[in-house]
Amino acid sequence: MKPRLLSGMQPSGMLHLGNWLGALQNWVALQDRYDCYYMVADLHSLTTGYDRTAAMPERVKSLVLDWLAAGLDPDRCVMFVQSAVAEHSQLALLLGMITPLGWVERVPTYKEKLRELSEREIQTYGFLGYPVLQAADILLYAAAGVPVGQDQLPHLEMTREIARRFNHLYGPVLVEPEALLTEAAVLPGTDGRKMSKSYGNVISLSDAAEMVEQKIRSMQTDPARVRRTDKGHPEVCPVFTLHRYFTPADAVAQIEIDCKSAALGCVDCKRWLAKSVNTALEPLRERRAVIEQAPGMVQEVLAAGAVRARSAAGATLHRVSAAMHLDYTQREDGYGGDPGPGLAPSVPADSVAQPIPGQST
Ligand code: TRP
Ligand code: SF4
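Please read these numbers as outputs of a predicted model, since none were measured by experiment.

Another point: the site of ligand 2. As a structural note, the neighbourhood of ligand 2 is formed by Thr221, Asp222, Arg225, Cys237, Val239, Phe240, Cys259, Leu264, Cys266 and Cys269. With respect to the pocket detection grid, ligand 2 is positioned in the largest cavity.

What follows deals with the environment of Tyr199. Considering the arrangement of structural elements, one finds Tyr199 in the loop between strand S5 (178–181) and helix H10 (209–217). Leaving out residues up to four positions away in the same chain, Tyr199 has contacts with Arg193 and Lys194.

Here the focus is the site of ligand 1. Inspection of the region around ligand 1 gives 13 residues, with His44, Tyr130, Gln134, Asp137 and Gln152 positioned closest. Here a nitrogen atom of ligand 1 sits 2.7 Å away from a polar atom, N or O, in the side chain of Tyr130. Protein contacts shield 87% of the accessible area of ligand 1, which totals 370 Å² for the unbound molecule. Counting only elements with at least two residues in the shell around ligand 1, the list comes to strand S1 (4–9), helix H8 (130–140) and strand S4 (145–148). When residues in the shell around ligand 1 are grouped by element, the largest group, four residues, is from H8. In terms of residue class, the shell around ligand 1 is built from seven nonpolar, five polar and one charged.

Here the protein chain averages 91 in pLDDT, while 91% of its residues score no lower than 70. Low confidence marks residues 345–361, where pLDDT is under 50. Its contacts with residues over four positions away, or in another chain, come to 35 contacts.

Bringing the layout of surface pockets into the picture now. Empty space among the atoms can be located by rolling a probe the size of a water molecule over them. Within this model, the second largest pocket holds a volume of roughly 530 Å³. Looking at the lining of the second largest pocket, the elements with two or more residues in it are helix H2 (42–49), helix H4 (87–98), helix H5 (101–106), helix H7 (125–128) and H8. When the residues that make up the lining of the second largest pocket are grouped by side-chain class, the tally is 12 nonpolar, six polar and no charged.

Rules used in this analysis
Residues numbered from 1 in each chain as written. Chains lettered and ligands numbered in written order. Predicted model: local features only at pLDDT ≥ 70, side-chain atom pairs only at ≥ 80, totals over all residues. Heavy atoms only, no water. Near = heavy atom within 4 Å. 1 Å grid on protein atoms, 1.4 Å probe; cavity = no way out; pocket = protein on both sides within 12 Å on 5 of 7 lines; lining within 4 Å. Sits in = over half its atoms within 2 Å of the grid points. Helix = DSSP H or I, 4+ residues; strand = E, 2+ residues; numbered from the N terminus. Contact = heavy atoms within 4.5 Å. Polar contact = N/O pair within 3.5 Å; in protein donor to acceptor, adjacent residues only side chain to side chain. Areas by Shrake-Rupley, 256 points an atom, 1.4 Å probe, with all protein chains shown as cover. Nonpolar A, V, L, I, M, F, W, Y, C, P; charged D, E, K, R; others polar. pLDDT = per-residue confidence, 0-100. Points joined across faces, edges and corners; volume = space filled by probe spheres on them.

Next up, the structure:
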């Protein structure tokens, strides 16, 4: 049995080259070696966007389209939407009961985000609970590993602490996950700053080839290189940085030499980069074209994913409720009555999560 992984992304718009190299390519590569669960974290996006939910279905769909285009394969991994699996909300509530306020207040991302998004009213209970919800996401699947970037390490650490605290209070049920650290790919955007949706400087995975050309044509270069005959400084040029990611190494070495000697002009250098980026994106465009021929595909993938996710998550929630003496549906006194849809654990008590080899619970 392959060890299980879980990771998630918020549905906050189309993915860009930085998301691809920084996370998604890694997710694709992990599909065969691990039992992968990939989640659209729509509940997490409510923590800062509870007042703009109208576009949520569209954002979820566009994220999953990007996933499929990038090569996530529903036959090799489970893709699902967080809110479709009620166990996430249920476990988050239970874990909230045992999470000291000091822990969540101390998470560095909390105060940072409060400052960053000071124009939005996010001094909410839900936003403070962000890492508790994330812990629930991970612990529900008894995930051995969580592929994330450096920025998520505080959340992983809190997840481990919550699991330990739960196990200490109620018995060994939850599995402490390990971070599978993804090397950060900090790509420059078209303006030379870090590629980020909030700066409006991104090249999206879904951009057409002409759009990629146009965006790269307008990119910042070495500011000291004013005339074509000026010698360039590739080390300060965002175009060159992108070449390193998308152009073969021997060609990059030549570009460096020719930029420094002014043998290569910025116009040609950019045309070259556009070609490299478009070559890299070509397989994604092909897959996207196929998917667009199959309307309903995203819904099907997510519906099937939700069923599989619920089965795994339900098994854990069952064990959690039993450990906390809350599993009314299973008790002889039967306080629960007919469980009905939704609130009851969605799988029978005997389908308990398998332990992960090499993991202690
Ligand atoms: N917080 C993560 C991010 O912003 C998204 C996320 C939600 C997540 N739940 C998760 C990542 C569980 C890993 C595991 O990127
Ligand atoms: Fe940048 Fe290329 Fe121009 Fe050199 S030639 S400054 S690397 S765009």
